[in-house]
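# Descriptive analysis of the structure
Now for the letters of each chain:
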Amino acid sequence: MFQTRNKYTFCITGSGHAGMEAAITNLLDPDDVFVSVVHGVWGERAATMAANMNARVVKLPVKLGEVISLDAIEAALAQHKPKLLYVCHGDSSTGTLQPLNGLGALCHRHGCLLLVDAVASLLAAPVAMDADEIDVLFSGSQKCLNAPAGLALISVSDRALAAIKRKKIIASFYLNLLKIAAAWKCDNDAESYIYHNTPAISLLMALHEALVVVSEASIERIIRTHNEVSSYLQAELERAGLQLFVRNKQHRLSSVVLVKVPAGVNSVSVRRYLLDNYDIEISGGFGETQNTVWRIGLMGANATRFNVDILIKALREAIARQSPTLSKL
Ligand code: PMP
């Protein structure tokens, strides 16, 4: 799924945040320099976690709805010489898909490790851990994988593993990746199970079933479906006169589409109307986009043209009820 041969690829009982916090606590020591690329909410949270560890945090802000260039990242790496760089591949708060091509090699040329958040992008876009030289990659079970919430999937490169092993103290016992990996027998073939904490067996069984579905359909086909249905949604939203938040098509995350709330329309009432009348839930903005956008999730089994058609019908109705000038949308 992560397109990796890393032996250290396993699950943590906990949500996507557990993957983020595990990576940060296992890699950073106090006073280490940490650069967080801030596309939206997630880069801020990664920065907070690193600050809580007394790391020296540098935020690299990205204009809302846009992605960052390799040149801008290179300048930050040269200036700050961080130990670790965080980047969110698919940012669900801004709807952006950050290209990762060349980023790992760039980090490694500057002696930095690369941490990638693929919670919202796994199966919505290709995630090539080895080819892109990603050091720690994490995702969640509940998004495009279509499994219940409660598991973080994580993979650690040899380079990152060596850095973790060099540390004197790992500040979290529960999220100690070496101990969890030992329980998963990542690099030992011990006969007996090495207990670390009680795993969420029911969630693991559900994830197993979700992975069976993925392997039967193929990763490529699932990514293609997310992209096709998302392109259809984007085109239909534009046909309805609405404006997409991320201007550059190439940089749109297929699994979370952000659309601007038209002037004069009450965002909350529209969402309420969809829920009450169609059982459809879309989100409001998150972070800086709080009251200005809707966020439409298209993930796993929900990513169908049928669902898009109902949503567009419902949205047109909800908007027309509020704004006579927009009633012809
Ligand atoms: N990163 C991204 C990009 C996310 O979209 C999310 C969840 N929306 C998270 C991290 C956190 O995941 P969780 O809610 O499973 O802890």
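A quick note: this is a predicted structure, and the numbers were derived from the prediction, not measured.

Turning next to the sheet that holds strand E4 (residues 84-88). Here seven strands make up an open sheet; going across it, the order is E1-E9-E8-E7-E4-E2-E3 and the pairing mixed. Each of the sheet's edge strands pairs with one partner strand only, and the pair in question is strand E1 (9-13) and strand E3 (56-61). Sheet twist, expressed as the mean angle between neighbouring strand axes with direction ignored, is 20°. For E4 and strand E7 (residues 113-117), the ladder comprises five bridges, and the chain directions are parallel. For Val 87, the partnering residue across the bridge sits in E7 and is Val 116. Sitting on the sheet, helix H3 (residues 70-80) touches strand E2 (33-38), E3 and E4, and the angle it makes with E3 is about 160°.

As a further point, take the side chain of Ser 139. In this structure, Ser 139 sits in strand E8 (residues 136-140). Take Ser 139: its relative accessible area is 0%, and that puts it in the buried class. Once residues lying within four places of it in the same chain are set aside, the contact partners of Ser 139 are Phe 2, Ala 118, Val 119, Leu 122, Leu 151, Ala 152 and Leu 153.

The terminal C-alpha atoms of helix H1 (residues 16-27), which comprises 12 residues, lie 17 Å apart, in line with the 16 Å expected from a rise of 1.5 Å per residue. When you tally the buried positions in H1, you get 10 out of 12 residues, the bulk of the element. Where H1 is concerned, the buried positions are Gly 16, Ala 18, Gly 19, Met 20, Ala 22, Ala 23, Ile 24, Thr 25, Asn 26 and Leu 27.

Before going further, it helps to examine the site of the ligand. Surveying the vicinity of the ligand reveals the residues Ser 15, Gly 16, His 17, Trp 42, Cys 88, Gly 90, Ser 92, Asp 117, Val 119, Ala 120, Gln 142 and Lys 143. In the model, an oxygen atom of the ligand is placed 2.6 Å from a nitrogen or oxygen of the Ser 92 side chain. Within the side chain of Lys 143, one N or O atom sits 2.8 Å away from a nitrogen atom of the ligand. Calculation on the ligand without its partners gives an accessible area of 390 Å², and the protein chains cover 88% of this total.

The next thing to look at is the pattern of salt bridges. Taken as a whole and assessed by the stated rule, the structure comprises eight salt bridges. The shortest N-O distance in the salt bridge between Lys 167 and Asp 29 comes to 2.9 Å. Taken as a pair, Lys 167 in the loop between helix H5 (158-166) and helix H6 (177-183) and Asp 29 in the loop between H1 and E2 lie far apart in primary sequence, 138 residues in all. Of the charged contacts, one joins Arg 239 and Glu 236 as a salt bridge, the two residues approaching to 3.1 Å between their closest N and O atoms. Of this pair, Arg 239 and Glu 236 both sit in helix H8 (residues 219-239), three residues apart, roughly one helical turn. By relative accessible area, which is 11% here, Glu 236 ends up buried.

Most of strand E12 (residues 293-297) sits inside the fold, with four of its five residues counted as buried. The sheet contact formed by strand E10 (residues 256-260) and E12 spans five bridges and is antiparallel. Among the inter-strand pairings, Val 256 is bridged to a residue of E12, identified as Gly 297. Where strand E11 (residues 283-284) lies against E12, two bridges are found, and the strand directions are antiparallel. The residue bridging Ser 283 from the neighbouring strand is Arg 295, located in E12.

It is worth spelling out the pairing of strand E9 (residues 151-156) at this point. Residues in a regular strand point their side chains to alternate faces of the sheet. Counted residue by residue, E9 has six buried out of six residues, so it is predominantly covered. Residue alternation in E9 divides its side chains into two sets, Leu 151, Leu 153 and Ser 155 and Ala 152, Ile 154 and Val 156, and both sets are buried. Judged from the five bridges that link them, E1 and E9 form a sheet pairing that is antiparallel. Of the residues in E9, the one forming a bridge with Ile 12 is Ala 152. With five bridges connecting them, E8 and E9 associate as antiparallel partners. Directly across from Leu 137, in E9, lies its bridge partner Ser 155.

All right, on to the environment of Ile 154 then. Secondary-structure assignment places Ile 154 in strand E9. By relative accessible area, Ile 154 is classed as buried at 0%. Those residues in contact with Ile 154 that sit more than four places away from it in its chain are Phe 2, Tyr 8, Thr 9, Phe 10, Ile 12, Gly 19, Ala 22, Val 136, Leu 137, Phe 138 and Leu 177.

Parameters and conventions
Residues numbered from 1 in each chain as written. Predicted model: local features only at pLDDT ≥ 70, side-chain atom pairs only at ≥ 80, totals over all residues. Heavy atoms only, no water. Pairing = 2+ DSSP bridges. Helix = DSSP H or I, 4+ residues; strand = E, 2+ residues; numbered from the N terminus. Axes fitted to C-alpha atoms, helices over the stretch in contact; angles between N-to-C directions. Contact = heavy atoms within 4.5 Å. Buried < 20%, exposed > 50% of the residue type's maximum accessible area, 1.4 Å probe, protein only. Expected span 1.5 Å × (residues − 1). Near = heavy atom within 4 Å. Polar contact = N/O pair within 3.5 Å; in protein donor to acceptor, adjacent residues only side chain to side chain. Areas by Shrake-Rupley, 256 points an atom, 1.4 Å probe, with all protein chains shown as cover. Salt bridge = Lys/Arg side-chain N within 4 Å of Asp/Glu carboxyl O.

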